[in-house]
Amino acid sequence: MVQKPEDQNNKVTDLPSLLSELGESADFTSEVIQINNSKVHLYYFKTLVDLSLMKKDFLPNLKKAESPSLYDINLSLPFDQIQATSDLEIIETKLLTGFVLILTPSSLQECLLVPLENGNLRDITVPEVEFSVIGPKQAFIEDLKTNIQLIRNRLPIRQFRMIELEVGTLTKTKVALLYLDGIADEENVNTMRQRIEDVDFDHIDDSSYLNQMIEDSTLSPFPQLIDTERPDRVAAVLSEGKVAVLVHGSPTAITGPTTFIEFFSAFDDYFSRWHVSSIIRIIRLFAVAFSIFATAIYVAVLTYHSQLIPRDLLATLIQSREAIPFPPIIEAVFLELTIELLREAGARLPTKVGQTIGIVGGIVIGTAAVEAGLTSNILLIIVALAALASFTTPIYRIGNTIRLLRFPFLFLAQLWGLIGVFIGIGFLIVHLLGLTSLGRPYLEPIFPPRLADFKDSVIRLPFSLQSERPTQMRPGKTKRFNEKNAKRKHDIDE
């Protein structure tokens, strides 16, 4: 077998060698076109180019060229972003992304690259994970250009900046870093860019890969960057001074820096009255606390602190547990694992079947467990409510963290009762205090306390009182609008 001329870095050294190596793939195609009795060679991947566009616009116009020179061919083709180059790296990259290479007899090294990439993309649909009743109904898709367009349509300003990066030694995945010049802190932009450039991995299939690699603490169960499928949310956080990252092939964007409270703020909170939104946020936080601690407190009280139970309720508990041979920790773990199995099975099955499994399976298994004496009906209600409460989190990734935290607190409650629960809370608070997002405090504005940022944290005050951007972002421009003008209302003179 003849060895191909390659350098020490496994890179081809001339264009014929590159075309020969690409030709080993069955979908790599070469054609010869006659232009004024001269042969023009075409090279492309038929699985990457739009064949209908080639037959309709490319080939007819190519044959109309006055001469087989690259200049005349360029003039005859009705396409943008046509590039003439002899750089082998550029040629390889363009061919592998849907470009057609044109090689003429007069130019054996320099060639013309014409964009004919296949445009079969998924249509823009409504958000599925972050669905809202009111507000915009657009979600990102897997195409990077389309996603950037969705954001630019909402921020048609010259301060909009995009930095294009590339990660993945095999996938060569395109990554776009977005920010608003003059508003976003340069330190946040540089930190995010540096972390993306430092990623050394062979393939990046989704923004979730990148999210885990660039967050501050990869050992923490808490996500430190928010991923979202909503263009309107990305546009809103960019206007606050944050940065966003889009990954080609991924329908979700990454935004940061972020805080712990933001994971419990749904974007449709801003589409409702501030009174309603504030109450709903408080309910979400209460639901999360209930989801984590309810089962653990049940185990702790029944195991060590039965004197805390009111006398009337104690009789009901004794009656519900009189036929159960297991201690509270066993029945609690059994029910928690059952709920997790039903949830995981419902997520992996088709939508309609998954909903049926979740509803019917929960009812059948729960009823059978109580009748068989494996668990009490009171604990079944508590576990079901705790599972239901965990679904109130608007960000999917923080919901998974809540599911995970229930088990350590269960075992701490079994070991030391309520003291174990409070020990777990102490460790949890210390861990959250040590977390950062792009170097910014994770528990802000609670710690360090910043009263100005409380306007949009646990509660959401009216827009007229949110005239300044969050200090957490250290924005270049702190003022968003004139607060006095926002409160002023003018009536039409009759």
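Preceding this section is the structure that the text describes.
Here goes a summary of the coordinates provided.

So, how was this worked out
- Residues numbered from 1 in each chain as written.
- Predicted model: local features only at pLDDT ≥ 70, side-chain atom pairs only at ≥ 80, totals over all residues.
- Heavy atoms only, no water.
- Helix = DSSP H or I, 4+ residues; strand = E, 2+ residues; numbered from the N terminus.
- Expected span 1.5 Å × (residues − 1).
- Buried < 20%, exposed > 50% of the residue type's maximum accessible area, 1.4 Å probe, protein only.
- Arc of directions from axis to C-beta.
- Contact = heavy atoms within 4.5 Å.
- Pairing = 2+ DSSP bridges.
- Phe/Tyr/Trp six-rings, centres within 6.5 Å; stacked < 30°, edge-to-face > 60°.

Some remarks on helix α6 (residues 186-197)
Phase 1 of the analysis: With 12 residues, α6 extends 16 Å from end C-alpha to end C-alpha; this agrees with the ideal 16 Å at 1.5 Å per step.
Phase 2 of the analysis: Of the residues making up α6, those classed as buried are Asn188, Val189, Thr191, Met192 and Ile196. The arc enclosing the buried residues of α6, seen along the axis, measures out at 165°, which places them on a common side.
Phase 3 of the analysis: Looking at the packing, one finds that the buried side of α6 touches β6 (160-167), β7 (173-180), α7 (207-214), β9 (243-247) and β12 (440-441).

Section: the pairing of strand β4 (residues 99-104)
Phase 1 of the analysis: Taking burial as the measure, the 6 residues of β4 include 6 buried ones, the bulk of the element.
Phase 2 of the analysis: By the alternation rule, side chains of β4 split into Phe99, Leu101 and Leu103 and Val100, Ile102 and Thr104, which are all buried.
Phase 3 of the analysis: Note: strand β2 (residues 38-45) against β4, 3 bridges, orientation antiparallel. Opposite Tyr43, over in β4, you have Leu101 as the bridge partner.

Brief notes about the packing of aromatic side chains
Phase 1 of the analysis: Using the criterion set out here, one finds 11 aromatic pairs in the structure.
Phase 2 of the analysis: Aromatic pair Phe58 and Phe79: ring centres 6.4 Å apart, planes at 50°, arrangement tilted. Here Phe58, found in helix α2 (residues 51-63), pairs with Phe79, found in the loop between α3 (70-76) and β3 (83-85); they are 21 residues apart in sequence, far enough to count as distant. Comparing Phe58 with Phe79 shows no difference in burial state: the two are buried.
Phase 3 of the analysis: Between the aromatic rings of Phe267 and Phe271, the centroid separation amounts to 5.5 Å while the plane-to-plane angle is 90°, which identifies the pairing as edge-to-face.
Phase 4 of the analysis: By the ring-pair criterion, three or more aromatic residues cluster together here, those being Phe222, Phe260, Phe263, Phe264 and Tyr442.

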